[in-house]
Amino acid sequence: MTDTAPAHTAPTAGPGPDQLDGVDLESWGLGTNNATGLTNTKLGMWLFLGSDCLLFGALISTYLLLRHRGTGIGPEDVFDIPFTSVSSFVLLMSSMSMVFAVSAIARGEDQKLRLWLLVTALLGGTFIAGQVYEFTSFYREGLGYTTNLFSSAFYSLTGFHGVHVSVGIVMLMALFFMSLTGRLKQDRAEAVEVVGLYWHFVDIVWVLIFTIVYLIP
Amino acid sequence: MAIVEQPSTSVEARELEAGPRHASPDEALGVFKRPQGDTGWRSWLFTVDHKKIGIMYGAAALFFFLIGGVEALIIRTQLAAPEQELISADLYNQLFTMHGVTMIFLVVMPIGSAFMNYLIPLQIGARDVAFPRLNAFSFWCFLFGGIFFNSSWFLGGGTADGGWFAYAPNTSVVFSPSHGMDFYAIGLQITGIATLVGAVNLIATCLNLRAPGMTLMKMPVFTWMSLVTQFLLLFAMPVISVALFLLTFDRLFGANFFNVSAGADPLLWEHLFWIFGHPEVYIMILPAFGIVSETLPVFARKPIFGYEFIVFSGAAIGFMGWGVWAHHMFASGMGPISVAAFAVSTMFIAVPTGVKILNWMATMWGGKLSFTTPMLFSIGLVTMFTIGGLSGVSHAVAPADTQQTDTYYIVAHFHYVLFGGALFAFVGGFYYWWPKAFGLMLRENLGKAHFWVMLLGFNLTFGPMHVLGLQGMPRRTHSYFDGYGFNVWNMVATIGAYLIALSFLIFFWNIFVSWRDSKKVGWVPPGPDPWDARTIEWMTASPAPSHNFDHVPVVTHRDEFWYRKYGETDDHRIVRIAAAEEVAQTGARTDVHLPAPSYWPIVLCASFPLIGWGLIFNLGIAFVGGAIALLALFGLAMEPADDPDAGHGDHHDDHHGPDAGPEAAAADADADKEATLVD
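Residues numbered from 1 in each chain as written. Chains lettered and ligands numbered in written order. Predicted model: local features only at pLDDT ≥ 70, side-chain atom pairs only at ≥ 80, totals over all residues.

J.: Go over the overall build of chain A, please, and point to the residues and values.
T.: Scanning chain A for helices and strands turns up six helices and zero strands. The N-to-C order of helical and strand elements in chain A reads α-α-α-α-α-α. C-alpha atoms of chain A, sized along the principal axes, occupy 90 × 50 × 25 Å. Relative to its full complement of 217 residues, chain A shows a buried share of 38%. Counting contacts in chain A only where the partners sit at least 6 residues apart, residues at least 24 apart contribute 77% of the total. (Helix = DSSP H or I, 4+ residues; strand = E, 2+ residues; numbered from the N terminus. Buried ≥ 20, exposed ≤ 12 C-beta atoms within 10 Å, placed from the backbone. Contact = placed C-beta atoms within 7 Å.)

J.: Outline the overall build of chain B, supporting the account with residue identities and numerical values.
T.: Broken down by element type, chain B carries 21 helices and two strands. When the 679 residues of chain B are sorted by exposure, 57% land in the buried category. Of the contacts made within chain B by residues no fewer than 6 positions apart, 83% connect residues no fewer than 24 positions apart.

J.: Provide a residue-level description of the interface of chain A and chain B, including the pertinent values.
T.: Between chain A and chain B, the residue contacts involve 61 residues of the former and 68 residues of the latter. Elements represented by at least two residues in the side of chain A that touches chain B include exactly helix 1 (40–66), helix 5 (149–180) and helix 6 (189–215) of chain A. Counting residues per element, the side of chain A that touches chain B draws most heavily on helix 1 of chain A, at 17 residues. In the side of chain A that touches chain B, the residues fall into 33 nonpolar, 20 polar and eight charged. (Nonpolar A, V, L, I, M, F, W, Y, C, P; charged D, E, K, R; others polar.)

J.: Explain helix 11 (residues 336–364) of chain B to me, and be specific about the residues and the numbers.
T.: Residue and element names in this part refer to chain B. For helix 11, which comprises 29 residues, the first-to-last C-alpha distance of 43 Å matches the rise-based estimate of 42 Å (1.5 Å per residue) to within 8%. Along helix 11, the residues classified as buried are Val339, Phe342, Ala343, Thr346, Ile349, Pro352, Thr353, Lys356, Asn359, Trp360 and Thr363. If you follow the buried residues of helix 11, they end up packed against helix 9 (267–300), helix 10 (307–320), helix 12 (373–396) and helix 13 (398–404). Positive phi shows up at glycine 366, right after helix 11, with a value of about 75°. (Expected span 1.5 Å × (residues − 1).)

J.: An account of the packing of helix 3 (residues 81–106) of chain A against helix 6 of chain A is needed here, citing residue identities and associated values.
T.: All names here are of chain A. It is the contact of helix 3 with helix 6, at a shortest axis distance of 9 Å, that shows an interaxial angle of 165°. Relative to helix 6, the element helix 3 lies roughly antiparallel. Note that helix 3 runs across helix 6; the crossing there is left-handed. Residues Ile81, Thr84, Ser88, Leu91, Leu92, Ser95, Met98, Ala101, Val102, Ile105 and Ala106 of helix 3 lie in contact with helix 6, whose contacting residues are Ala189, Val192, Glu193, Gly196, Trp199, His200, Asp203, Trp206, Phe210 and Tyr214. In terms of residue class, the contact of helix 3 with helix 6 is built from 14 nonpolar, five polar and two charged. (Axes fitted to C-alpha atoms, helices over the stretch in contact; angles between N-to-C directions. Parallel < 35°, antiparallel > 145°, perpendicular 65-115°, else oblique. Left-handed = near helix turned anticlockwise from the far one by under 90°.)

J.: Residue-level account of the confidence of the model for chain B, with values.
T.: The predicted coordinates should not be examined in detail at positions where pLDDT is low. Residues and elements named next belong to chain B. Chain-level pLDDT for chain B is 89 on average; 89% of the residues reach the 70-or-more range. pLDDT under 50 marks residues 1–31. Its contacts with residues more than four places away, or in other chains, come to 80 contacts. Per-residue pLDDT stays below 50 along residues 646–679; that stretch engages in 95 contacts with residues further than four places along the chain or on separate chains. (pLDDT = per-residue confidence, 0-100.)

J.: So what's going on with the nonpolar core? Which residues, and what values?
T.: Ranked by internal contacts, the top residues of the largest apolar core, which has 249 residues, are Val108(B), Ile203(B), Val239(B) and Ala243(B). If you tally residues by element for this core, the top one is helix 8 (residues 221–253) of chain B, at 22 residues. Apart from the residues lying within four places of it in its own chain, the contact partners of Val239(B) are Leu54(A), Ala58(A), Leu272(B), Ile275(B) and Phe276(B). (Core = buried A, V, L, I, M, F, W, Y, C linked by C-beta atoms within 7 Å.)

J.: Explain the environment of Phe330(B) to me, and be specific about the residues and the numbers.
T.: All names here are of chain B. Looking at where phenylalanine 330 falls in the secondary structure, it is placed in the loop between helix 10 and helix 11. Expressed as a C-alpha distance, the spacing of phenylalanine 330 and leucine 604, which sit 274 residues apart in the sequence, is 42 Å. Once residues within four sequence positions are removed from consideration, phenylalanine 330 is found in contact with Val339, Ala398, Asp401, Thr402 and Thr405.

J.: Pulling in residues and values, what's your account of the packing of helix 3 of chain A against helix 4 (residues 110–140) of chain A?
T.: Residues and elements named next belong to chain A. Put simply, helix 3 and helix 4 touch, their axes get as near as 8 Å, and they point 160° apart. Between helix 3 and helix 4, the crossing angle belongs to the class labelled roughly antiparallel. Once helix 3 is placed against helix 4, the crossing between them reads as left-handed. Broken down by class, the residue content of the contact of helix 3 with helix 4 amounts to 15 nonpolar, eight polar and two charged.

J.: Break down unusual backbone geometry for me, citing the residues and quoting the values.
T.: Residues and elements named next belong to chain B. Here the bond from alanine 168 into proline 169 is cis, since omega is 5°, no more than 30 degrees from zero. Structurally, the position occupied by proline 169 is in the loop between helix 6 (152–155) and helix 7 (180–208). Here serine 542 and proline 543 are connected by a cis peptide whose omega angle stands at -10°. Relative to the helices and strands, proline 543 resides in the loop between helix 16 (487–518) and helix 17 (560–565). With phi around 50°, alanine 166 is a residue other than glycine that occupies positive phi space. Inspection of the secondary structure puts alanine 166 in the loop between helix 6 and helix 7. The class for alanine 166 is buried, based on 22 C-beta atoms found within 10 Å. Although it is not a glycine, aspartate 559 adopts a positive phi angle of roughly 55°. Mapping aspartate 559 onto the fold places it in the loop between helix 16 and helix 17.

Okay, structure coming up:
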């Protein structure tokens, strides 16, 4: 390293600011001005949902392993398929109203946003009410949480899903009241979109649970 | 939330700011003002700065390391001679369980988190992580989870005693009647939440916040290995969460998941646990691989050999790590086809690991090696991990493994990979990045003494365990009979364990005297780049300023910092073209708007142990904890991620009042946009 001047010079020597054409370096990392063009929030939600897939995957596997191993009351003794089909339909419809809510805030229509948020939350609440009714009637038929392997696995799996829906309802209502107090305007449409991602995910999981737990004998 | 750097406001706006500030108490649930300030204990408790969080991770992990180390010393003292009764068999069970869980979940993983938190944003040229408040949440959640878990020493009527893998139904109430396993299940659940949130956060950071020009294939290897690690965590944590939930429900609410008398299958826990547990071993070792991939090129004065191979073999480990879990269960009777399949896949996963070791050797080959302390520890990893890797391959041979299962051979193997691998690299990493984190060097002579004593003690402790295991000494047994030929090697192992303890006394002494040196008159700070390093975390001042970089660097090369210091002549000789001080940013800028500190992460996490104790002892306490958690969650969600009415310590000269002009208003809106519910 005792040599004379180099043929190549460093890209930028010295502590001055680097330059790059077409990129606003001062606001780098803010909003979508980043390496992927996705906001952190949306990327974070996608990652969380990816992780949640494994949570339900493990719970569903446990259920499939355990449901026929025990003794006593089994799935076919308690399931009321028509009733659960109706509540599943209600939950699926809530995905549609969620889409309307996302679309409303994207167009800046606050009234419609609040309407559809409320409708989505109500549909979700109806589903939860159906689940409570279902659990109660199963319990009356003698299927307690500790009764057998099937009951523990069934209540845990559907219970975890119910908690997910309930958390979603809390988020929807939070959005509703934020919009009511003027804290949720068009410029924050992404907040609704991200809650929507969660909501659709929970719905899709229910489609799987309904098929695997209720429909496939 | 996002790294918020706002354009400084106009001159007029600055003049307006001189007027009285408008506090807006309606923020943050209308109760508290946001914490402010860069100094004092509050700046640590409420910080969202990834560097402070990283340092706290390291400090907390070293604290738990002391606890786990003392547990290990008690174990080794009990085993020093045959038929000793220093401690009861019951206490011995608790000690090895607590030692294992502490070292894995509260030491090795958090030290990895410490490095990842501190280094990823600096290595990719970002101001902070993607979600700074969630980062604070992760740390406090881990710390309170660890404290909760260890509180079983005082509250549990006995700690967890089922081994770190806690095989159910052996851990059901019938066989483990103390509250210890409840503390295990709930404590690991809490630290698991911390880890999962951290994974989302750091993946988003790696993907989104890379400086302009830093493509994935220009990322430093440490950041790459961290990214793979975080993906493993993202998908492994929910599985252990489910397993722990099921165990908790069984123990506390009488569910039947592991109730064999009701027809349950004991293999369920083993599968769930090891589907998490095997990726977990790569979660612990990959950050260490990343660290040596940073230090070896610096001290061999050569670029890393085969960057693409290192990166892709790391990613390959990440994928293949999901297909080998059942090699932990060869002795469980799961059937010859499963055993054969997992034996083959386990042998295959040795290939990408071997690729890495060859790459490190090729990096050193022909280099101008300088044997500094970090270099010694890195070479320590390469050699010691290779021994552990080879004994690992011998486990892949199912018939041999059936002999080795539950003997000291296994104990020797996983200490060679975890201690000889992960911990050697982590300690080397401490020596390497200490000047960057604290602005002072650790003493080299004490560092080398630390290395040699640790290497000797480590090999004396765990080397003989290979022999003991092959002689048939079972693990998890609190004593052994005289006359089986176990005496000599057990005594050697115990002496080695005390040597390891001595080596860490040297380490802590080194930390102290190096700090004392830095207070002396005439002490010279090490400058931004004491090792003549290659990656851009060295391109800013030491210690790194709270805003990391004065200006976001534009990256054009792998090893960007090196290319700014060195050039090539026409006849292909490497020459220095700039001093580090000329290239490095000074860190003097003061108008960078940083994410504001927050009370809510620590408040939220402090409620988790309450919920845990409540579930075990009294549901009333759980409801109090739950209420605090709910309040804190809403506080966290509803406060703007970036407090528009507060600066960050001395970085608040871009404060903008209500009339600060359209520019500031736009920036405000942008900041608000980031503050969504899900942060």
